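Chain by chain, the residues:
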Amino acid sequence: MFTTDIYTINIGPQHPSTHGGLHVEALMDGEVVKDAIVHLGYVHRSMEKIAESRTYTQFIPYTSRLDYLATHLPTLGYVQAVEKLMGVEVPERAEYIRVILGELSRIASHMLFVGSLAIDLGATTGLIYCLRDRERIMDMFEMSSGQRLLASYMRIGGVIQDLPEEFFPAVDRFLNDLHGMIEEYNGLITGNEILQARCKGIGILSPEEAIAYGVTGPNLRASGVLYDLRKADPYGIYERFEFEIPTGQHGDCLDRLIVRIKEIEQSGYIIRQALKKMPTGEVRGKVPKLLKPEKGKEVYHRIESAKGELGFYLVSDGTEKPFRVHVRAPSFVNLMILPLISRGGKLQDIIANIATLDPVLGESDR
Amino acid sequence: MEHWFLNIAHWLTSWLVSLGLAPVWAEVILLVGQWTCIVGIITLNVLVLIWLERKVAGFMQQRLGPNRLGPYGFFQTIADTLKLLTKEDIIPSQTDKLIFKIAPMFFIIVSVMLYAVLPMGQDMAVVNLNVGLFYFISVGSLSTICLLMAGWGSNNKWSLLGAMRSVAQMISYEIPLAFSLLGVVMISGSLNLSDIVQAQHNLWFILLQPVAFITFFIAATAELNRGPFDMPEAEQELTAGAFTEYSGMRWALFFLAEYTNLVAVSALAATLFLGGWQGPFLPSWLWIILKTYLIMMVFMWLKWTFPRIRMDHLMSLSWKVLIPISLVNIVLTGAGIEIFRWMGW
């Protein structure tokens, strides 16, 4: 007489905790998730097609809009890809500025991750604490480029201008306070009993599965795989810095949180070293006004973005515009494991899983 | 000062009788007056409470909170209420109209009914019921049905999930809530709330029943659907749970009722564990207000600190932790009473 049905529930695209236009179709048996289907494309802006109708330089501002939470990193990836294509030399000082701003972007992105995980689990105060600290990074971006969120600061062959005087004391003060901030997050968010109960053993991703699905970045490292492009395939001047790659053991939501908090600390160390070693000099190399790479030349360049391996694949047809640009978006690849880790969990676990995979829909839909 | 409100009541009754009204009818009119006062005070108090909650949240989150309208943003909630009052009343076409419409009304009625037995000062309970505590708990559990009505009537999966969660949660937490109060009842030997307050003349029950107080507090948080147990709403998962389809004044009624419940349960906690209206220097009605607000501040503190607990953890917390603890507490209280009696205290 009494039968139970499996019903569908649509999480998103209009939902408070899907981090943008993400649509997850969950097949539910009561509160238990039988399956989850990820629907993408709500933030599709045809970035790759736009690139074909812009010159190499004109596409730089668009790249910030890929991963807008770590604004300098996608721009860095694109700019370095074009430099590889053209064989452009970058001045020393510009390389160090790139590292400093790139790592600051990583910290900003991870701080927002910690905060958004907290609010997705219902702890509003955690978000505000993280936003408060992230605000200081945004201020530093404003000092350097006049823009807070979408800086477009990198240029092919360097950066657009030197860092201003007031940037250095600000970054010093920030790095001095960084340890205290992390202590605060650990006390308020990571150490909370309820949060641990909701994250421990939830959304477990085994290292084999993670590699099979092509997961990269902190999500992969949380599963215990020691793989960071800054060490595995160093780009720019990353060989010159000493830092550790934090890894997790269980690959659950809690590990994904802890790995990111540790990465914030490591990025702080990198910035400190870069500030110490930074030479004076030019910040922009000699680059022709109009870039025309050789016909038929193609290049793939990948960097370790805040979300994982961010790759740019450029094909040139000899004109000032690229023939094809492809973006290997880590958010897109990482999101594909959501059904795998959500199956068999509870409805509330899906929210924790989405939050700890840390997707940026602008990047995944492009 | 102590007898202000009682004097007004006496003066009103004698005036009505002097007009030639039968004493029974004078009583009825007085009762209507009392209810009007209660509803008025509740509504105005909620305005203050919402402002206070936003200020407390702002303080905890190192921001200012409302600060534009009036001193310290005090009139912000009034502006919000006016906005809600003037909003379009949207009833989705697929809803069960009757249930959808009456659910918020029932919810607020049930919440206001709680105030009937609460002694808001010496001799200041509207109805001095000898089973007051029993009445409070049984009426309080009625709000479950209202949430279920809202969730079912909305014809929305999120709402239904929220409603089912709230039913499961509130029924489970009803048990430790009632059990934790049994210790107090055993010591005072009465279900009448005024008598329970009198029994705390020398010693507050929070000192005699600390375990019961903690169990009561946790169970009450769950009963009130407040964070970290705000399952029925659960904004981040269920959008707004049982209230997803509600807007405008109907939604505001739910909000109003939740805060009304909050005040009532805080007042009950103050009455049962913190000595009710008893206290030196200040008039009794001021004491109960102060104690109620103190407990409400703790509720707010909890809500703005903790993440939301998971549904199955919530259930196991009730059945595997709170209920055994409260049962043991009852046994120990009984043994304690016997020992004290045997020692001739």
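Since we're looking at a predicted model, the values are computed, not measured.

## Describing the packing of helix α10 (residues 210-223) of chain B against helix α12 (residues 248-273) of chain B
Residue and element names in this part refer to chain B. At a closest axis distance of 11 Å, the pairing of α10 and α12 adopts a crossing angle of 170 degrees. Considered as vectors, α10 and α12 are oriented roughly antiparallel to each other. Contacts from Phe213, Phe216, Phe217, Ala220 and Glu223 of α10 reach α12 at Val265, Ala269 and Phe273. In terms of residue class, the contact of α10 with α12 is made up of seven nonpolar, no polar and one charged.

## Quick word on the packing of helix α3 (residues 72-86) of chain A against helix α4 (residues 92-120) of chain A
All names here are of chain A. Direction vectors running N to C along α3 and α4 enclose 140 degrees, while the axes themselves pass 8 Å from each other. The orientation of α3 relative to α4 falls into the category oblique. Counting all contacts with α3, which are made through His72, Leu73 and Leu76, the residues of α4 involved are Arg98, Leu101, Gly102, Ser105 and Arg106. Per-class residue counts for the contact of α3 with α4 are three nonpolar, three polar and two charged.

## What to know about the domain arrangement of chain B
Residue and element names in this part refer to chain B. The domain boundaries assigned to chain B delineate domain 1 (1-86) and domain 2 (92-342). In this assembly, 20 residues from domain 1 lie in contact with 19 residues from domain 2. Looking at the side of domain 1 that touches domain 2, the elements that each hand over two or more residues are α1 (4-18), α2 (23-60) and α3 (76-86). At 13 residues, the largest contribution of residues to the side of domain 1 that touches domain 2 is made by α2. Residue classes in the side of domain 1 that touches domain 2 are distributed as 14 nonpolar, four polar and two charged.

## A few points about the environment of Trp51 of chain B
Residue and element names in this part refer to chain B. Its location among the elements puts Trp51 in helix α2. The spacing of Trp51 and Phe136 is 85 residues in sequence and 27 Å in space, taken between C-alpha atoms. Leave out the neighbours within four places in its chain, and Trp51 touches Pro66, Phe74, Gln76 and Thr77.

Conventions we followed
Residues numbered from 1 in each chain as written. Chains lettered and ligands numbered in written order. Predicted model: local features only at pLDDT ≥ 70, side-chain atom pairs only at ≥ 80, totals over all residues. Axes fitted to C-alpha atoms, helices over the stretch in contact; angles between N-to-C directions. Helix = DSSP H or I, 4+ residues; strand = E, 2+ residues; numbered from the N terminus. Parallel < 35°, antiparallel > 145°, perpendicular 65-115°, else oblique. Contact = placed C-beta atoms within 7 Å. Nonpolar A, V, L, I, M, F, W, Y, C, P; charged D, E, K, R; others polar. Domains from an automatic or database assignment.

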